[in-house]
Structure formats: structure tokens, C-alpha cells
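These are the residues of each chain, in order.
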Amino acid sequence: KPELAQCSNGCLADFLLSLQPSDAPESIFTRAFWETVFGCSLSSSSSSVNLKLCSGSEDLRTVTNDYTDMSDSRPVYSIYKAVYAVAHAIHSLLHDIQPWQKSSVKLNFTTFSGDKVYFDKNGNSVPEYDLVNWQIDSKGSVKIVNIGRYDGSLPSGKRFIIKQNVSIMWSGNQEKVPKSVCTESCPPGTRKALNKRRPVCCFDCIQCADGEISNGTDSVNCMKCPGEYWSNDRRDQCILKATEFLSYGDIMGLLLLVFACLGALLALAIFAVFYLSKNTPIVRANNSELSFLLLFSLTLCFLCSLTFIGRPSQWSCMLRHTAFGVTFVLCISCVLGKTIVVLMAFRATLPGSNVMKWFGPPQQRLSVLAFTLIQVLICVLWLTLSPPFPNKNMKYYKDKIILECDVGSAVGFWAVLGYIGLLSLMCFVLAFLARKLPDNFNEAKFITFSMLIFCAVWITFIPAYVSSPGKFTVAVEIFAILASSSGLLFCIFLPKCYIIIFRPNLNSKKHLIGKTISK
């Protein structure tokens, strides 16, 4: 009834304050409560001989504590709702449900203050709690302060309601909010790891390893980045790995480009000098046709190194190795032809010798063509069976991708280099044998020096090529091409250019014949 609802606070307070032990003589709680509040004993046989006997008529209204404090109506109101819930259930059983009906009682009513009371399908009431804070006042007594409430009927995230104008006292009578954990939350880029030396609720924050990330707070594990990705400095995001290849923008690539162009221009300049002096004795005496072909092949050797610079592609990978192999064989074939001519020319001066007719200009051209075609055949087989191809090497560096040209067939690659080495060794041996032949313009000694440089460069190239990482592998190969080409150009042609330009008096048939007779 409304009048009962309105007196809920006062009626309950009067009832609680009027209780005496005689009202519930069998209640253990009442006896213990009474003895604690009044500091006496209800039994004369109590073990506490120092306590006085309770009369049982002590008045609770003379005591001030939490039990007698009715200023906070939440507990009283909760009791009120519980009593009314029982009353509604009994009323429903007596009036709404007939004896022959089998049905559960469904409660759903509204209190005098407008609150709804109902139960879920499991028979549980909606949770609603007071949040209280025990505080010690200046007199040392404990005061329970209501600082908020929890209402389970509200949406998730809004169920905890904290009063804004109430101060909360924490342990040690401190107003500063203490930390609820012994370790701060692990930020992104780290993972939680148990510390066996500390309690189980404590943990250490360990940074994710290279190539792993965690993009959330308090992550237990770190995630490994995909193959072409790497972790950033904060280890909270996977980013694309940096790609490395020898480009024209690199200082090293730019220097190699300059040297290659200078070498090609120098070869063309010498070609022009020889062409303008093609009828002079020094040019004619050293097989001008093979000299021009050698200068042309050296120009191609310098220029083919440019195919090694830049981002590798399918065509550039196939072109760089085959162009290098063919042009170098053409170059060494010319040098080999010139060396054989020197040997044959000396044999031709002997009485009754007609050896030069077996190695005249047609045979010289044919030998150069035959040696070069063998290399062309090796390259064709290489490109047909297992050609070079662009490859992303992610094994050497963890945080970078090396863009390189995989040789495809290692047998094909080393066959090309081996054939060049074989021709170079033959040329070196023949030139060494002919180095002291009596000829003022004998090229054998110059060819010997040039082939010595050539072989030394390529012998040191092999271990350097195998051990160099990334773009330095390509740089070593370009350096070997430029160094060996420069050795041939300088040793064979610069002495002749010096005589043609600066000592023209030595470029005469009289000087040639005179020196030969004196020797």
C-alpha cells in the first residue's frame, strides 16, 4: 500500500531500534551484536569474566553507529524492494494463478520512487550496488561514504557511476589514486613476459624482436611481419623492406659510369688516331685490321658495363652477362690473333718458310670469328636452358631486399668465364714466348703485360665476387671489366699513340728497318 511505502524508512528504523534480545532468543547474530555494541555478556557462564551482565533492556537509540544510522537509504530501500518482491510473488500465487495451472511467477512492478523491479529468465534480479569508501575522520572514527553505484540495467560501459563531488580516500589516507598493478601496461611494440622473481600478476615489457610487431597494448605475443615487410623502429607496424641495387643515383654507380664512359671515349679517340695514321709504318706493321677490331671490341667492353647498373629486369639480366661474355671473347680473340701473327711473321723470315700463307688476313678473320662463335654458342645454350633472371634476395640482409640478377645456371655462367680465362691463358703463354723476338715494333712484350694484368684482375675477381654482398657484387664485376679493358687499352695502344703523336720521327720505315738490322 502507498502508506506503507511512504513509511518504509521510518518504520524500518523504528523497528530496528526497538529490537531486544528477548525478541529473538535463539538468534546467534542478535546475541553477538548486542554484546559487541554494549560491551556486556548475556550469559553468566561466559568465558569473559571481566564483562558485566547485560540486562537485555539496553536501548539502541542511545548508540550511534552504522547500524543505527539511517541517513543512507540504499540498504533500507533494498530491504523495502525485497519485501515488496516477496509480497508481489505471494499475491500472484494467490490471485493470478489457478490451482490447475502450472506456471512460474513473473514479477515486474514499479516502486513508489519509480524504480522497476524485475527478474531475468534465470530468476536473477538486476544487480545494483552501492560503491562505498571507508574513511577515517579527524577523531579516528570510521565513516562510510557513498561514492557511486553500479547499475546492471544500464548499457555496457555506463554501469559504473562515480559521484564527482565526493573525495575518495585510499590506503594510507591518500587522495592520489594508487596503481592497481605492479607493472605499467606494455605499449605497442612490446610484449608481456612473466617474471619468475616477482608475483604472478607482475610482468616485464620486452621489445619485439627485429621483424616482429605488436600493435596493441599489453600484447602477449609479437606478430612476425610477412616476407617482404620489416618492423619499423617502434616495432608497432610492418613496413616494406628497402630495396638495394646498384643505381645511377649511388655515388659508386655514378663513378663507375664515369669511368666506363671515359674508357669508351678513350678507345674511340685512339681509334681515330689510328685511322688517321693508318698508312704509317707503326700502324701497318702491327696488323691494322686486328687493331681496329680490337679497339672496337674494347669500346663495347667499356659500354657493356653500363648494363650492370640500374634496376635488374629480365632483359637486362640476360643482356649484361651475354654481352660481357661475347665482347670479351671478341677482344681476347683479336689479341690472340695479333700474338699469333707476331710468331708467324718471325717464322716467315727464316729461309724457305712460307708459314704466313697459312695465317694471312683471311685466316686471321676466320680465327677471330670461330673463337667468338664458340662463346656465342655457349651463351645461346645458357639462355635456352636456364637463363639469368631478376631475383629478390632476402637471405643476406634481414631488413633489406637485394635486387640482383640470378645467373640461373651456374654451369653456364662459369662456362662463359672459363672460356674467357682459357683464351687469356693461351694468349699470355704465346705472348710470353714471343716477347724477345727481334722486331722494333714487336707487340708481344706489350701483350704480355696486358694479359698479365688481365689474368690478375680476373683471378682476384672470383673470391671478391663470391664474398661481396648486395650491390657490391655488381660493383666488383664492373670494376673487373673496366680494369681488364683498361689494361689492354693502355698496354697495347698507348705506346703506339705516344710515338704517333709525340715522336713522329720514330714512325718511319727507315727507323723500323734500321733497328731491326742492328738487333
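Please read these numbers as outputs of a predicted model, since none were measured by experiment.

About the cut-offs
- Residues numbered from 1 in each chain as written.
- Predicted model: local features only at pLDDT ≥ 70, side-chain atom pairs only at ≥ 80, totals over all residues.
- Heavy atoms only, no water.
- Axes fitted to C-alpha atoms, helices over the stretch in contact; angles between N-to-C directions.
- Helix = DSSP H or I, 4+ residues; strand = E, 2+ residues; numbered from the N terminus.
- Parallel < 35°, antiparallel > 145°, perpendicular 65-115°, else oblique.
- Left-handed = near helix turned anticlockwise from the far one by under 90°.
- Nonpolar A, V, L, I, M, F, W, Y, C, P; charged D, E, K, R; others polar.
- UniProt positions renumbered as here; feature names shortened; annotations may be inferred.
- Pairing = 2+ DSSP bridges.
- Disulfide = S-S within 2.5 Å.
- Buried < 20%, exposed > 50% of the residue type's maximum accessible area, 1.4 Å probe, protein only.

**What to know about the packing of helix α5 (residues 251-276) against helix α12 (residues 471-502)**
Next, step 1: Their axes nearest at 10 Å, the elements α5 and α12 cross at an angle of 25 degrees. With respect to their mutual orientation, α5 and α12 come out roughly parallel. The two elements α5 and α12 meet at a crossing, and its hand is left-handed.
Next, step 2: Tallied by class, the residues present in the contact of α5 with α12 amount to 20 nonpolar, one polar and two charged.

**A word on the UniProt feature "transmembrane region" (unreviewed entry) in the protein**
Next, step 1: Within this numbering scheme, the UniProt entry marks residues 251-277, 289-310, 322-346, 366-385, 413-434, 446-466 and 478-501 as carrying the feature "transmembrane region" (unreviewed entry).
Next, step 2: A distance of 35 Å separates the end C-alpha atoms of residues 289-310, which is 73% helix and 0% strand.
Next, step 3: Secondary structure across residues 478-501 comprises 100% helix and 0% strand; the distance between its end C-alpha atoms is 31 Å.

**A word on the sheet that holds strand β6 (residues 142-151)**
For sheets, the rule is that strands pair by backbone hydrogen bonds, running either parallel or antiparallel.
Next, step 1: The strand order across the open sheet built from three strands is β5-β6-β7, with neighbouring strands paired in antiparallel fashion. Pairing within the sheet leaves two strands with one partner each, and these edge strands are β5 (128-136) and β7 (160-162). Each strand of the sheet is rotated relative to its neighbour by a mean of 35 degrees, with strand direction disregarded.
Next, step 2: As defined by bridge partners, β5 adjoins β6 across nine bridges and the pair is classed as antiparallel. Along β6, the bridge assignment pairs Asp 130 with Arg 149.

**Looking at the state of the cysteines**
Next, step 1: Enumeration according to the criterion identifies five disulfides in this entry.
Next, step 2: Across the disulfide from Cys 208 sits Cys 222; the S-S distance is 2.0 Å. Its S-S torsion of approximately -80 degrees makes the covalent link between Cys 208 and Cys 222 left-handed. Separated by 14 residues along the polypeptide, Cys 208 in the loop between β9 (203-207) and β10 (212-213) and Cys 222 in the loop between β10 and β11 (223-224) bring together distant segments of the chain.
Next, step 3: Overall, the relative accessible area of 3% leaves Cys 208 in the buried class.
Next, step 4: Note that Cys 225 is cross-linked by a disulfide to Cys 238, the S-S spacing being 2.0 Å. The S-S bond linking Cys 225 to Cys 238 shows a torsion near -90 degrees; that makes this disulfide left-handed. With Cys 225 in the loop between β11 and β12 (229-231) and Cys 238 in strand β13 (residues 238-240), the pair connects residues that are 13 residues apart, well separated along the chain.
Next, step 5: Cys 238 sits in the partly exposed class, given a relative accessible area of 23%.
Next, step 6: Here Cys 427 is not cross-linked by a disulfide; its sulfur's nearest cysteine counterpart is in Cys 455, at 8.6 Å.
Next, step 7: On the accessibility criterion, Cys 427 (0% relative accessible area) is buried.

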